[in-house]
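Descriptive analysis of the structure
Read off the chains here:
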Amino acid sequence: MTPPIDFTGRRALVTGGASGIGEVTGKLLADLGARVMLADLNAEALPAACARTGAQGFTVGDVAVEEAAERIVADAVAALGGIDLVFNSAGIGDDLVPLHEQPVERWRRVFDVSLWGTLLISRAAGKLMIDQRSGAIVNVSSIVGLDAFPGRSAYGAAKAGIAHLTKTLACEWGEHGIRVNAIAPAYTKTPMVKDLVDRKVFDPTVIERRTPLGRMAETEEMARAVAFLLSDWASYITGVVLPVDGGWSSYGAAGDVVKIRHK
Ligand SMILES: NC(=O)c1ccc[n+]([C@@H]2O[C@H](COP(=O)([O-])OP(=O)(O)OC[C@H]3O[C@@H](n4cnc5c(N)ncnc54)[C@H](O)[C@@H]3O)[C@@H](O)[C@H]2O)c1
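Presented here is an overview of the structure given in this document. All residue numbers here refer to positions counted from 1 along the written sequence of the relevant chain. Local features in a predicted model are, by the rule used here, given only for residues with pLDDT of at least 70; side-chain atom pairs are given and counted only at 80 or more, and totals for whole chains, interfaces and linings are based on all residues. As a rule here, side-chain values cover all heavy atoms of the structure and leave hydrogens and water aside.

**Looking at the pattern of salt bridges**
Salt bridges are counted wherever a side-chain nitrogen of Lys or Arg sits within 4 Å of a carboxyl oxygen of Asp or Glu. Evaluation of the coordinates by the stated rule reveals 15 salt bridges. Among the salt bridges present, the one from Asp198 reaches Lys194, with a minimum N-O distance of 3.1 Å. Within this pair, Asp198 and its partner Lys194 are both found in helix α6 (residues 191-198), separated by four residues, close to a single helical turn. One network of salt bridges, in which partners are shared, links Asp95, Arg106, Asp195 and Arg199. For the purposes of this entry, the term helix denotes a DSSP run of H or I that reaches at least four residues, the term strand denotes a run of E that reaches at least two, and both are numbered from the N terminus.

**Considering the sheet that holds strand β3 (residues 57-60)**
Paired strands, in this sense, are two strands between which DSSP finds at least two bridges. On the basis of which strands lie adjacent, the open sheet formed by seven strands has the order β3-β2-β1-β4-β5-β6-β7 and parallel pairing. Each edge of the open sheet is held by one strand with a lone partner, namely β3 and β7 (241-244). Ignoring strand direction, the axes of neighbouring strands in this sheet form an average angle of 20°. Relative to strand β6 (residues 178-185), strand β5 (residues 135-140) runs parallel, the two being bridged by six bridges. Within β6, the position partnered with Ala136 by the bridge is Arg179. Note on definitions: a residue-residue contact is assigned when non-hydrogen atoms from the two residues lie within 4.5 Å. Geometry is summarised by axes, namely lines fitted to C-alpha atoms with helices restricted to the contacting stretch, and by angles between N-to-C directions that run from 0 to 180 degrees. Helix-sheet contacts for helix α4 (residues 104-132) involve β1 (11-15), β4 (85-88), β5 and β6, and the interaxial angle to β4 is about 170°.

Coordinates in, geometry out; function isn't part of it.
Put into structure tokens, the structure is as follows:
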């Protein structure tokens, strides 16, 4: 019988830890026994998130900047004595603007925070994990990285890049005892999505209709998938991009055009 997930003695770095999926996952990892370091660009939000999650500490920095990403990892090592688990959750949303109307700098920022940030944190933490010959990393792709969403070229390209980076790192680092996986969430009720709904970037009822399970995801449903992939329960799983999407990516019918006829 496999014992329940227990992260006692594990040291976890969570980026984007001041809000949403990062914060809730940080709390779940701490609840399951891990010592957790939260990293985020939002210095104001971090102390309260740290208190809510039970994290050991926090560090402020921009994951998309190489020196800052390396310092974030160094801060986590200084606070925790090492890093066994990384959850790369830092990311920013986009504006549903077609490429030709989008300022290049905005495109680049959305892309850089997600893809470049994930790459830089993974690179810095991966070097340590290679030396200790163990570790687990979970990245955040998206349903937007699996198929095309018009107006979301930066976000989609970044999330598709994260899916590919996840597979490549899994193959490069498997021999060092390091597992690298990703979740691909659908719409999840976090501050990022609330902001998009408030700005009327999308209508939640359309999302609910398009989703086989008929609702958006709770943030805890992402956290549980991440905890599983980071845990020893997933000891033979690496290089996987796991849709956590209520069936979104399996759905191929033509929206409301096709109706099932119940007898
Ligand atoms: N919410 C969704 O529906 C959804 C769906 C698919 C994927 N995602 C992805 O999940 C991850 C978390 O999103 P969320 O919904 O929890 O958003 P969120 O806005 O609640 O949290 C994101 C956190 O990342 C931080 N952050 C932003 N830029 C940063 C940077 N350069 N350096 C460090 N920290 C930075 C923010 O300050 C914030 O605290 C993101 O990668 C997002 O793209 C979210």
